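Understanding the architecture of this molecule
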Amino acid sequence: TNPPKSRRIAVLGARAVGKSSLVIQFCENHFVESYYPTIESTFTKTIRYKGYEYSVEIMDTAGQDEYSILSSHHASSMDGYVLVYSISSRSSFDMVKIIRDKILDFTGLESVPCVVVGNKSDLSIQRQISPEEGKELGEQWQCSTIETSAKHDENVYCCWFLFTDSEEQTQVLKLDF
Ligand code: GDP
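Computed from a prediction, not measured in an experiment: that's the story for all the values here.

Our next topic: the site of the ligand. Around the ligand lies a shell of 19 residues, among which Ala16, Lys19, Ser20, Ser21 and Asp122 are the nearest. One nitrogen or oxygen atom from the main chain of valine 17 is found 3.3 Å from an oxygen atom belonging to the ligand. Residue lysine 120 places a side-chain N or O atom 3.0 Å away from an oxygen atom belonging to the ligand. Isolated, the ligand exposes 580 Å² of accessible area, and the fraction of that covered by the protein chains is 84%. Per-element tally for the shell around the ligand: the top contributor is helix H1 (residues 19–28), with 3 residues.

The next point concerns the pattern of salt bridges. For the structure on display, the rule yields 4 salt bridges. Taking the shortest distance from any N to any O, the salt bridge between arginine 90 and glutamate 133 comes out at 2.6 Å. Pair noted here: arginine 90 is in helix H3 (residues 90–107) and glutamate 133 is in helix H4 (residues 131–141), with a separation of 43 residues, a long-range link.

Chain-level statistics for the protein chain give a pLDDT mean of 82 and a share of 80% at 70 or above. Per-element averaging of pLDDT across the protein chain places helix H2 (residues 66–71) at the bottom with 60 and H4 at the top with 95. With pLDDT under 50 throughout, residues 172–177 is counted as low confidence; its partners more than four residues away or in other chains account for 0 contacts.

Okay, the environment of threonine 44 next. Take threonine 44: it is sitting in strand S2 (residues 41–49). Sequence separation of threonine 44 and valine 23 is 21 residues, and the distance between their C-alpha atoms is 9.6 Å. Filtering out sequence-adjacent residues up to four positions away, threonine 44 remains in contact with Cys27, Val56 and Glu57.

This brings us to the environment of serine 21. By the element assignment, serine 21 lies in helix H1. On the basis of relative accessible area, serine 21 is assigned to the buried category, the value being 15%. Along the sequence, serine 21 and serine 124 sit 103 residues apart, while their C-alpha atoms lie 18 Å from each other. Apart from the residues lying within four places of it in its own chain, the contact partners of serine 21 are Phe31, Val32 and Ala150.

Reading guide: rules and limits
Residues numbered from 1 in each chain as written. Predicted model: local features only at pLDDT ≥ 70, side-chain atom pairs only at ≥ 80, totals over all residues. Heavy atoms only, no water. Near = heavy atom within 4 Å. Polar contact = N/O pair within 3.5 Å; in protein donor to acceptor, adjacent residues only side chain to side chain. Areas by Shrake-Rupley, 256 points an atom, 1.4 Å probe, with all protein chains shown as cover. Helix = DSSP H or I, 4+ residues; strand = E, 2+ residues; numbered from the N terminus. Salt bridge = Lys/Arg side-chain N within 4 Å of Asp/Glu carboxyl O. pLDDT = per-residue confidence, 0-100. Contact = heavy atoms within 4.5 Å. Buried < 20%, exposed > 50% of the residue type's maximum accessible area, 1.4 Å probe, protein only.

Right, here's the structure in full:
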């Protein structure tokens, strides 16, 4: 067996889209109704994917805005980003675009490995972003997209698996050059 590959992932998005809930559901398998971290916290979890073990370090940026995150020393040491919006909030969807632009500005890259996650898929009555709109954004950025519900534990695993996938794709593209 191969030694685990280590990966550092930052979870970014507007306030209250469910970033902490997704990370806690994924790493600790439960849903927290209210969680108010005052500082960023890092979680780790080992996942197995396509025969490889990944030791995934997830930086939950709750309690900060995107400006302080991206100006911090963390931003340049990330392997990739999980960009989260809520399907019930148009402004959080717009925020994902702003945050990605900031990451590109900050890193000086033309694209970064990321997965776009539309959380709170259980709130279908309050939906403001259609699944198609989410997919279109992913096609535009050439990254994976997925709708999740941290509350109902739907597709939460997938965001990190998709992440490793999009990262592999990025590496393949890099090798082509
Ligand atoms: P953060 O600020 O992005 O880290 O968001 P939180 O994880 O603190 O969640 C904000 C609020 O949304 C909390 O009240 C959560 O219980 C709620 N929440 C998080 N995920 C979901 C979800 O999938 N469905 C629903 N209905 N509520 C959620």
